[in-house]
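# Structural description and commentary
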Amino acid sequence: MKTWVALAGRIVVLVALTGPGLAMAQEEALHSLIDQHLTPVSAVDPQRCSDAEFLRRASLDLVGMPPTAEEARTFIAAAEPDKRERLIDRLFASSHYARHLATVLDVMLMERRGNTHVSADDWQAWLLKSVRENKPWNVLAREILQTDGDNPAQRPPARFALDRASDPNVLTRDIGRIFFGRDMQCAQCHDHPLVGDYLQSDYHGLLAFVSPSYALVRNENGAQKTLQAEKAGADLMFESVFEGVKRRTGARMPDSVMIDEPFFLPGDEYQVIPADNVKPVPKFSRRAKLAELATNGSNQAFNQNIVNRLWAHMFGRGLVHPVDMHHPDNPATNPELLQVLAQRFASMNFDIRAFLRELALTSAYQRSFDLPAGLLAVSAQAAAEIAKLEKRRAAVEQASQESSDAYETALEAWKEAEAALLPAAGELDAARNQYAEAKKKMDEAVTAVSEAKKQLQAKQSITKPVGRAAAELEQAAKALPDDAQLAEAAQKVAARSGALATEVEALRKAFEEKTAAIGPSTAAFGGVMPTVGAALSKATPLNEAMIEAEQQMLAARSQATADAEVLAALDRRLETTRRVAAVPQLHQALVAANGSVPPRESEVAAAQKQLDDIAPLIAQSDAAVKIATEGLTATTNMATAGTEGAIRLEVASAAAFVSAAAARPMVFEAVEQSAGEALASAQKSLAAAVAERDRLAKAVEDAKPALAASKADVAAKQSAFDTAVSELTDRWTSDFTVASLKPLTPEQLCWTVFRVTGVYDRYWQAEAAELEKTTPLTDEQKKDPAQVVARDAAIEQRTFDKLKGNVPTFVTYYGAAAGQPQGDFFATADQALFAANGGSVNEWVKPAGNNVTERVVNQSDLRAAADELYLGVLTRLPSDDEISQVVSYLTNRAPDKGAAAQELVWGLLNSAEFRFNH
């Protein structure tokens, strides 16, 4: 659709739009600017990480493995105020820096895809060389985007396309994600259903850059070689599966208008025309144009994407996170900072090493993952800040709504202009097709005349000498009339001469007929030109109107996006400030809830004590009742059995019996009455005691719910407080107030295990000794820094080659699926089984070569052994509790100290702390 613009003489210039407030003092160090932008909310004071924490973090981030125990001991003990800066510079000077960054770029670019067309060694060597030369990122990216793999010296960067099978849709998605920070895959068939800023036209505009490319398998000396070939580009037609409306686009960068391509009439597009086993070369390469526009320093999406990815590498998460989903609904944590970083990185000539150094020097990078101190003391500042932020938000929200409405209006206007252009563009396509067909027929006619002329001339060139030969033979035959053979030969040559003359005449006639046919085909071709011109004249103003509408739409979208991101960042800061302000209230509520528990506990305890105190009285009363009951029973029994016996024994006469019987009721009635009264009194006392006990028991039970409610209230208040702190921690992690916990990549994990177990250093020393033996440096060479660096790189390469075969094992267990984003952390049973049962891991932790296990075994001072253990594996000194545990474990295992030390090392290797960089 854009191809006729050049013919019409129109040059479109897109002016890059930048947000407000981006003026910055170029002379101010970037790390200082970063810290200014990352000022925490409400005077919150982030903690600075310890020296040990910084040493491990910087070492893992910059060289991919931790320091040795001796290096850790020296750094922690050092007192120089600039020791962190000097450490950073030492790490950048290490040969391990280039290797590690090359690996980081490899994973970022290829996401651990298999090597199909370019070997792993060639690809990694190219990346390593690029890093060692400090090749600017835009240069490296340009080579990747435009290299076709034909030139052997530039074949490795073609792996990006070749090992994606040169599939246009795969390349479109991955170029969008990896180079522009936008995963637009869901916009292939319709506007993105979740991301309003990812339009189908964006996807197909980027697709138009790569759709002319294809995999060309060419035979070279009997072998097949796959290249990333390219045909001439054309506009793409597409339609939404939801709307069914035909759309059209040429090649266009994210956030830009369609490129202004030179116009070529059909048949004139190539320097080298496509053919079998031939790499075509179009006069205009869209792939090269994509590389140019992406990397020339003016493309904000390209610049912001790479600084965001480098930031994520150092900080554990991007300013935009996930790094490949940058859009207004997932804005940068600090949009202005992201723009500052992108601009400064471009002004630094895309120097990755210098940029990473600035990040490492920031206070933000050196923050602890522990929570800020003095949180409860900043509530007053938070409350004051809330009022200011709310006032500012009203104005920002209004601006955002206005720019959003303006974008919607501009978008509709652009779609209307595009729809108005489509019929005229279709007519121009039809005219171009007619032109191509007429040109084809004219070219065929010209080719036919040329071929007929060639055949006529070839036949004429034979006819003349044959005619001369026939005349000479005829004269010879006349001179020798008796020579029959000569006469026969003369006749044959004469006959052949005549036949040739007939053939020449036929060819001359055919030539004249074909020559005559040129006229009509040429006339037909000439007749098409006005049709092309008319279609072009009709389409050009409509195309210009569409481009103007597109420019306005893009400007409006850029402003709407910027305003939306500012509003989102402000909302995040406002919400964080509100949560900070709410923490003291939550804490006070927790304190108050905790304060309500002791009185309730006292109430229950006092009631329970009273209840416990009455138990002896009840027992005493119960015993009295039992005694009184037994007395009454005994009295009654005596009244019956005792009197009768006495009468039988003591009364001998009937008169005496009658007298005794008459006296019996009077004797025992008084006794029974006394016993009954005693029982009644005891029962009354028991009843009173039981009633009091029941009352006290009820008082205990009545007090318990209040205590339970108080405790439940404490639990609820504690949960609310913990949740608030946890949510604040998440927010502080996302805005870099506290450091993130970063899982080690599979590659980092492999090399870290080798370093802490001494395997790496043993191999390094062996390779250094071998080189010193075979190609020793002279004393003069040892004074040359370049020679020393080269030797160090050579040792590193040899060590890497010896150990690299272990990396795929770690990738298998700890890496994500090939071809997918690789940054997510996950834990699996296979990982645990590998760590627990892997013969290699168990072999590496055995005492050997003065590794950490052997140093623990050889250390007679068990407290010092604990220091060796923790410094060697976790790059820090142990706590008192950890020292006690190590001392106790080694003491109890004194007879088999070697096995015990190996188990301790193995345990730390499998700890969560070892798996993460913090």
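The residue count restarts for each chain, going from 1 along the sequence in the order it is written. Reporting in this predicted model follows two pLDDT cut-offs: at least 70 for local features of residues, and 80 or more for side-chain atom pairs to be given and counted; totals over whole chains, interfaces and linings ignore these cut-offs and use all residues. Only heavy atoms go into the side-chain values, all of them from the structure, while hydrogens and water stay out.

## Description of the packing of helix H28 (residues 880–892) against helix H29 (residues 897–909)
- In the contact formed by H28 and H29, the axes pass within 9 Å of each other and the chain directions differ by 150 degrees. Relative to H29, H28 is oriented so that their crossing is right-handed. Two secondary-structure elements touch here, H28 through Val886, Tyr889 and Leu890 and H29 through Lys897, Ala900, Ala901, Glu903 and Leu904.
- Charged residues are taken to be Asp, Glu, Lys and Arg, nonpolar residues to be Ala, Val, Leu, Ile, Met, Phe, Trp, Tyr, Cys and Pro, and polar residues to be all remaining types, Gly included. In the contact of H28 with H29, the residues fall into six nonpolar, no polar and two charged. Here the axes come from fitting lines to C-alpha atoms, over the contacting stretch only for helices, and the angles between their N-to-C directions go from 0 to 180 degrees. Helix and strand definitions follow DSSP, with helices as H or I runs of at least four residues and strands as E runs of at least two, each counted in order from the N terminus. Take the far helix as your reference; a near helix turned counterclockwise from it by less than a right angle gives a left-handed crossing, and one turned clockwise gives a right-handed crossing. Residues count as neighbours in contact if any of their non-hydrogen atoms are within 4.5 Å of one another.

## Things to note about the nonpolar core
- By nonpolar core we mean a set of buried residues, namely Ala, Val, Leu, Ile, Met, Phe, Trp, Tyr and Cys, connected to one another through side-chain atoms within 4.5 Å. Relative accessibility decides the category of a residue: with a 1.4 Å probe and only protein chains considered, values under 20% of the type maximum give buried, values over 50% give exposed, and everything between is partly exposed. One finds Leu109, Trp137, Ile175, Phe179, Phe180 and Trp311 to be the most contacted residues of the largest nonpolar core, which totals 134 residues.
- Among the nonpolar cores identified, the runner-up in size contains 29 residues, and Leu199, Met258, Ala431 and Leu554 belong to it.

## A word on the packing of aromatic side chains
- Stacked, tilted and edge-to-face are the three classes assigned to paired rings of Phe, Tyr and Trp, where Trp is represented by its six-membered ring and a pair needs centres within 6.5 Å; plane angles under 30 degrees give stacked, over 60 edge-to-face, the rest tilted. Summed over the entire model, instances satisfying the criterion amount to 25 aromatic pairs.
- Centre to centre, the rings of phenylalanine 345 and phenylalanine 350 are 5.3 Å apart; their planes meet at 75 degrees, and the pair counts as edge-to-face. An identical accessibility class is assigned to phenylalanine 345 and phenylalanine 350; each is buried.
- In textbook terms, an aromatic cluster arises when at least three aromatic residues are bridged by ring pairs, as seen for Trp751, Phe754, Tyr760, Trp764, Phe800, Phe810, Tyr813, Tyr814, Phe834 and Trp844.
- Note on geometry: a ring has a charge over it if NZ (lysine) or CZ (arginine) is within 6 Å of the ring centre and within 35 degrees of the ring normal. Cation over ring: arginine 164 sits above phenylalanine 160, and NZ or CZ is 3.9 Å from the ring centre.
- Its guanidinium or amino end placed over the ring of tyrosine 214, lysine 231 lies 5.3 Å from that ring's centre, counting from NZ or CZ.

## Let's talk about a negative patch on the surface
- Residues enter a patch when their relative accessible area is above 30% and they make no salt bridge; the linking distance is 9 Å between like charges and 5 Å between nonpolar side chains (Val, Leu, Ile, Met, Phe, Trp, Tyr). Each accessible area is a Shrake-Rupley result for a 1.4 Å probe, and residues are judged covered by the shown protein chains and nothing else. Salt bridges are identified by distance alone: a Lys or Arg side-chain nitrogen within 4 Å of an Asp or Glu carboxyl oxygen. Under the counting rule used here, the positive set is Lys and Arg, the negative set is Asp and Glu, and His together with the chain ends is not counted. All charge positions are set by atom: Lys at NZ, Arg at CZ, Asp at CG, Glu at CD. Judged by side-chain charge, Glu402, Asp405, Glu408, Glu412 and Glu416 come together as a negatively charged surface patch.
- Looking at the element boundaries, glutamate 402 is found in helix H16 (residues 379–479).

## Re the packing of helix H6 (residues 95–110) against helix H8 (residues 137–146)
- Orientation of H6 relative to H8, taken along the N-to-C sense of each, is 45 degrees, at an axis distance of 14 Å. Relative to H8, the element H6 lies oblique. Between H6 and H8 lies a crossing whose hand is right-handed. Here Leu105, Met108 and Leu109 of H6 lie close against H8, whose contacting residues are Trp137, Leu140 and Ile144.
- The class makeup of the residues in the contact of H6 with H8 is six nonpolar, no polar and no charged. Angles are sorted into four bins: roughly parallel if under 35 degrees, roughly antiparallel if over 145, roughly perpendicular if 65 to 115, and oblique for all others.

## Structural notes on H8
- Of all ten residues in H8, seven are buried; the element is thus mostly enclosed.
- When we look at burial in H8, the residues that qualify are Trp137, Asn138, Leu140, Ala141, Glu143, Ile144 and Leu145.

## Focus on the confidence of the model for the protein chain
- When the pLDDT values of the protein chain are averaged, the result is 87; 94% of them are 70 or greater.
- Throughout residues 1–25 the model reports pLDDT below 50, and contacts reaching past four residues in sequence, or to other chains, amount to 67 contacts.
- Confidence scores per residue from the predictor, reported as pLDDT, run from 0 to 100. Low pLDDT, under 50, characterises residues 645–653; the predicted model gives this stretch six contacts beyond four residues in sequence or across chains.

## As for the pairing of strand E3 (residues 236–239)
- Side chains of E3 alternate between two faces, with Leu236 and Phe238 buried and Met237 and Glu239 left unburied.
- Two strands are said to pair when DSSP picks up at least two bridges between them. Bridging between E3 and strand E4 (residues 246–249) involves four bridges; their strand directions are antiparallel. Within the sheet, the bridge partner assigned to glutamate 239 lies in E4 and is lysine 246.
- Following E3, the chain reverses through six residues before pairing antiparallel with E4; glycine 244 in that reversal takes a positive phi of roughly 70 degrees.

## Overview of unusual backbone geometry
- A cis amide bond, omega 0 degrees, links histidine 321 with the succeeding residue proline 322.
- With a phi angle near 55 degrees, serine 166 is a residue other than glycine that sits in the positive phi range.
- By the secondary structure assignment, serine 166 is in the loop between helix H9 (159–162) and helix H10 (168–180).
- The class for serine 166 is buried, based on a relative accessible area of 4%.
- With a phi angle near 70 degrees, phenylalanine 736 is a residue other than glycine that sits in the positive phi range.
- The class of phenylalanine 736 is buried, set by a relative accessible area of 2%.

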